[in-house]
Amino acid sequence: MNAPLDTANLLPARDASAPTGTHLVMNQAGPLAGFNAFSDDAVLLAAVQREAPWAAARCQALGQLVADEDIQELARLANRHLPELKTHDRYGNRIDWVEFHPSWHHLMALAWKHEVHSLAWTAPEAQPHFARAALSYLWNQVEHGTACPTGMAYAAFAGFQTEPCLKVWADKVCGTAYEFSRREVANKPSVVIGYAMTEKQGGSDLRETQTTAAFSHSADYHGATAHWYELTGHKWFCSVPQSDGFFTLAKVGGGVTCFFLPRTLPDGSFNRFLIQRLKDKCGNKSNASSEIEYAGTLAIRVGPEGGGLREILSHAHLTRLDFAVGSAGLMRQSLTLALNHTTTRRGFGRTLAEQPMMTNVLADMAIEVESATLLALRVARATDHIETSAQEKAFARIATPMAKFFNCSRAPAIAYEALQCHGGNGFIEENPMARIYREAPLNSVWEGSANMMCMDVRRSLLKEPATRDAFMAEVHAVKGMDGRFDAFLSALAPLVEQAMADEFLARPASEAMARAIQGAELLRHSTPEVVDGFMATRLGAVTLGWGTSTGSMGAAVSRTQAGRIVDRARVVR
């Protein structure tokens, strides 16, 4: 049914006597192969060696998959043969099952095997969240649909800590042997976890939850008491509806409460979890997203009644971090594909990458990708120290929504420019650029849109003064290393104050704060060429050398400097 990976034997034989050579393929871009997305990525390699060298071998193994033709074929197939909803079996029994192409399960098994979902919770070494972020960054270059369940499993572990009866789920969510079945949690080597929060009348405003819950009974559940409730309601977005269990929200006596819903109950029967339909999404096609209905559905209360929003926020930090990391990884893949295409395809007497305007574009993209990567990894490092450092806890509180907002907002622009580098070749489904282009906007709307993230940044500034202090300490620590950065910080302080007074300014303030963290990280860890390019373009007005579109760096960045920036970003040498 599917074309073999090696199609060389399908090409027509060349006939030397033929008057024309219409089937002779010339000057097409070369295949993207023969590199390792970890060890050949100068930025990621240096970051891991600096912060979590013990994870280098894991990253090396996963980085090898990114350029593996067979793995990329799995990604193509998983997005070509989409999930299908089976509401009933052939006898008329309600089953609410989702069928996937085998490629999806193969990819899921690889992600679980490589600990993309679990390393933060199982590694005894220092900085496990940082190491796990590096894995997620790499996995988002393998296949994006399966990155959704890896991120949700990562965040879910934190949610299982509240109730002793959920310890079995905490153990199983760290398993590395993926199994697609409806066996009861105790009988599975690992589990997949979903989230079902959003309702059609409320969107991001979870206070508008209309689903209700009524107490049913208390009973022993895997060695501890579980308080079971019956849920009634409808959820507008539920991704990965084939998961083994779900965190969800419902109102008890008017108070929004958090619940955990197992698909399979202790006696082996299936919970009432009715999948209404699968969403026909713009992108993220391999991943099933759905509308679901609860009708007497049993779920375990997590935390106190009425404390659901606070409870679910303990997970939100981790999902937001994963989106910031994932968008940086998607940007990196876009850049890698653009570099490969422009380096191996020629036009007007030289490679596309050597054309002056293309060099400008590629260098501009490389600066943006490196700064996005360092921003995400800095938040991951702070996450590792939340329990031990008040400074890092406060910094993580404000930097996480900031990084989620900014990286996720920049990803579509980078994907668009990468597609431009390919021309028409990037707009066909055989090219992964088409898939990336559709995927790029998604992270910005999942787990809170850009406005929601900027509102959260502003809320932290207003309600938690320590977050402002932590942010200022972070960026002022490199003051004196670059005069342009110092000038930017001087202008930033009043903008932050103005945003605290007026929500209208929350977005420009959040963007400026994100740029400040990026600039500080580049000063600490990047090359003079990249630092100079960033300072000359990102921190000034258009008149200082940067336009509104990628590749509009002006005279502040020389062509020679741009070439060095492009060389730094290459993974194929």
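Residues numbered from 1 in each chain as written. Predicted model: local features only at pLDDT ≥ 70, side-chain atom pairs only at ≥ 80, totals over all residues. Heavy atoms only, no water.

Draft legend 1. Quick peek at the overall build of the chain. Each helix and strand counted, the chain has 19 helices and 11 strands in total. Dimensions of the chain, computed from C-alpha atoms along their principal axes, come out at roughly 75 × 70 × 45 Å. Looking at the chain residue by residue over its 573 residues, the buried ones come to 58%. For the chain, contacts bridging at least 24 residues in sequence account for 72% of all contacts bridging at least 6. Approximately 23200 Å² of the chain is accessible, and the part contributed by carbon and sulfur atoms is 54%. Distance between charge centroids for the chain: 2 Å, based on 55 positive and 59 negative side chains. (Helix = DSSP H or I, 4+ residues; strand = E, 2+ residues; numbered from the N terminus. Buried < 20%, exposed > 50% of the residue type's maximum accessible area, 1.4 Å probe, protein only. Contact = heavy atoms within 4.5 Å. Areas by Shrake-Rupley, 256 points an atom, 1.4 Å probe, with all protein chains shown as cover. Lys, Arg positive; Asp, Glu negative; His and termini not counted. Charge placed at Lys NZ, Arg CZ, Asp CG, Glu CD.)

Draft legend 2. Spotlight on the packing of helix H3 (residues 69–80) against helix H4 (residues 102–113). Where H3 contacts H4, the axes come no closer than 8 Å and their chain directions differ by 130 degrees. In terms of orientation, H3 and H4 fall into the oblique class. Between H3 and H4 the crossing geometry is left-handed. Here Ile71, Leu74, Ala75, Leu77 and Ala78 of H3 lie close against H4, whose contacting residues are Ser103, Trp104, His106, Leu107 and Leu110. Here the contact of H3 with H4 is composed, by residue class, of eight nonpolar, two polar and no charged. (Axes fitted to C-alpha atoms, helices over the stretch in contact; angles between N-to-C directions. Parallel < 35°, antiparallel > 145°, perpendicular 65-115°, else oblique. Left-handed = near helix turned anticlockwise from the far one by under 90°. Nonpolar A, V, L, I, M, F, W, Y, C, P; charged D, E, K, R; others polar.)

Draft legend 3. Structural detail: helix H9 (residues 308–344). Under the 1.5 Å per step criterion, the end-to-end length of H9 is 53 Å for 37 residues, consistent within 8% with the ideal 54 Å. Of all the 37 residues making up H9, 31 are buried; the element is thus mostly covered by neighbouring parts of the structure. (Expected span 1.5 Å × (residues − 1).)

Draft legend 4. View of the side chain of histidine 114. Within the fold, histidine 114 resides in the loop between H4 and helix H5 (119–122). Residue contacts for histidine 114: discarding those within four places in its chain leaves Ala61, Leu62, Leu65 and Leu135.

Draft legend 5. Focus on a nonpolar patch on the surface. Together, Tyr416, Phe427 and Tyr437 give the surface a local cluster of nonpolar side chains, amounting to about 330 Å² of exposed area. Of note, phenylalanine 427 is situated in the loop between helix H11 (390–422) and helix H12 (432–439). (Patch = residues over 30% accessible without salt bridge, like charges linked within 9 Å, V, L, I, M, F, W, Y side chains within 5 Å. Salt bridge = Lys/Arg side-chain N within 4 Å of Asp/Glu carboxyl O.)

Draft legend 6. Up close: the pattern of salt bridges. Taken as a whole, this structure holds 34 salt bridges when the rule is applied. Taking the shortest distance from any N to any O, the salt bridge between arginine 277 and glutamate 291 comes out at 2.5 Å. You can see arginine 277 sitting in strand S8 (residues 273–278) and its partner glutamate 291 sitting in strand S9 (residues 289–302), a full 14 residues away along the chain. For arginine 277, a relative accessible area of 43% puts it in the partly exposed group.

Draft legend 7. Representation of the environment of threonine 537. Assignment of secondary structure puts threonine 537 in helix H18 (residues 528–537). Note on threonine 537: relative accessible area 0%, which makes it buried. Distance in space between the C-alpha atoms of threonine 537 and valine 557 is 8.4 Å, their sequence separation being 20 residues. One polar contact links the side chain of threonine 537 to the main-chain carbonyl oxygen of glycine 533, over a distance of 2.6 Å. (Polar contact = N/O pair within 3.5 Å; in protein donor to acceptor, adjacent residues only side chain to side chain.)

Draft legend 8. Looking closely at the packing of aromatic side chains. Per the counting criterion, the structure on display carries 20 aromatic pairs. A centroid spacing of 6.0 Å and a plane angle of 90 degrees characterise the contact between phenylalanine 100 and phenylalanine 180, whose relative ring orientation is edge-to-face. In this pair, phenylalanine 100 is assigned in the loop between strand S2 (94–99) and H4 and phenylalanine 180 in the loop between helix H8 (167–172) and strand S3 (193–196), connecting sequence segments 80 residues apart. Judged by its relative accessible area of 12%, phenylalanine 100 is buried. Above the plane of the ring of phenylalanine 270 lies arginine 182, whose end atom (NZ or CZ) is 4.8 Å from the centre. Geometry around phenylalanine 237 places lysine 279 over its ring, the cationic atom sitting 4.6 Å from the centre. (Phe/Tyr/Trp six-rings, centres within 6.5 Å; stacked < 30°, edge-to-face > 60°. Lys NZ or Arg CZ within 6 Å of the ring centre and 35° of its normal.)

Draft legend 9. A look at the packing of helix H15 (residues 465–476) against helix H17 (residues 506–525). Running from N to C, H15 and H17 cross one another at 35 degrees; their axes reach a closest spacing of 9 Å. Viewed along their axes, H15 and H17 form a crossing whose handedness is left-handed. Contact residues: H15 offers Phe471, Glu474 and Val475, while H17 offers Met513, Ala516, Ile517, Ala520, Glu521 and Arg524.

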